[in-house]
Amino acid sequence: MTPSHLRQGFKRLLISALALNGLLVSPANAELDDTTISVAVAQGNAHCLIETKTMSVDEALSMAKAFIASDGISDSARDAVTSKPEFSDLMSAYIADQGGCAALVKQLQQ
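Owing to the predicted nature of the structure, the values given are computational and were not obtained by experimental measurement. (Residues numbered from 1 in each chain as written. Predicted model: local features only at pLDDT ≥ 70, side-chain atom pairs only at ≥ 80, totals over all residues. Heavy atoms only, no water.)

1. Overview of the overall build of the protein chain
- When its secondary structure is counted, the protein chain shows six helices and zero strands.
- Reading the protein chain from its N terminus to its C terminus gives the helix and strand order α-α-α-α-α-α.
- Across the protein chain, the fraction of contacts at a sequence separation of at least 24, relative to all contacts at a separation of at least 6, is 68%.
- Per element, the accessible surface of the protein chain, about 6,500 Å² overall, is 55% carbon and sulfur. (Helix = DSSP H or I, 4+ residues; strand = E, 2+ residues; numbered from the N terminus. Contact = heavy atoms within 4.5 Å. Areas by Shrake-Rupley, 256 points an atom, 1.4 Å probe, with all protein chains shown as cover.)

2. Notes on the confidence of the model for the protein chain
- This prediction gives the protein chain a mean pLDDT of 78; 71% of its residues lie at or above 70.
- Here residues 1–6 scores under 50 on pLDDT; set against residues more than four positions off or in separate chains, the count is one contact.
- Throughout residues 23–30 the model reports pLDDT below 50, and contacts reaching past four residues in sequence, or to other chains, amount to nine contacts. (pLDDT = per-residue confidence, 0-100.)

3. Quick look at the side chain of Q98
- Relative to the helices and strands, Q98 resides in the loop between helix 5 (87–97) and helix 6 (101–109).
- Residues within four places of Q98 in sequence aside, it is in contact with A103, L104 and Q107.

4. Some words on the state of the cysteines
- Applying the stated criterion across every chain yields a total of one disulfide.
- There is a disulfide in this structure between C48 and C101, and the S-S distance comes to 2.1 Å. Of note, the bridge from C48 to C101 carries an S-S torsion of about -65° and is left-handed in sense. With a gap of 53 residues between them, C48 in helix 2 (residues 34–51) and C101 in helix 6 connect regions that are remote in the sequence. In this structure, C48 and C101 share a single accessibility class: buried. (Disulfide = S-S within 2.5 Å. Buried < 20%, exposed > 50% of the residue type's maximum accessible area, 1.4 Å probe, protein only.)

5. Some words on the pattern of salt bridges
- In total, this model carries three salt bridges according to the counting rule given.
- Note that D79 is salt-bridged to R78, the shortest N-O span being 3.1 Å.
- Residues joined by salt bridges that share partners form a network here, namely K65, D75, R78 and D79. (Salt bridge = Lys/Arg side-chain N within 4 Å of Asp/Glu carboxyl O.)

6. As for helix 6
- Within the span of helix 6, buried status applies to C101, L104 and V105. All buried residues of helix 6 project into a common sector of 95° when viewed along the axis, lining one side. Counted as exposed and oriented over 90 degrees from the buried face of helix 6: A102 and K106.
- Among the structural elements, helix 2 and helix 5 are those in contact with the buried residues of helix 6. (Arc of directions from axis to C-beta.)

This is the structure in structure tokens:
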């Protein structure tokens, strides 16, 4: 499966989760670009690695930054995404969809 296919699958899951949680009026109106998806995934992973004490804050944030940069996303684009009011909800929906932080970290360790 290509990264593009993974992003599309994640996008569908995230839109469904947001709609179910009432965070979107309609899934048809959802506009999640690849940058937003990549940043939400990277930041969500880092958040959970920190929360579960699997990694230090510096290590987890460094890993997230490297993942985001590997997708060709600049620091300014990342900052623009994370400063959106709905970003926290997007990241939380991703974490919840993975089964919470413990399950997400377990997946990352496999």
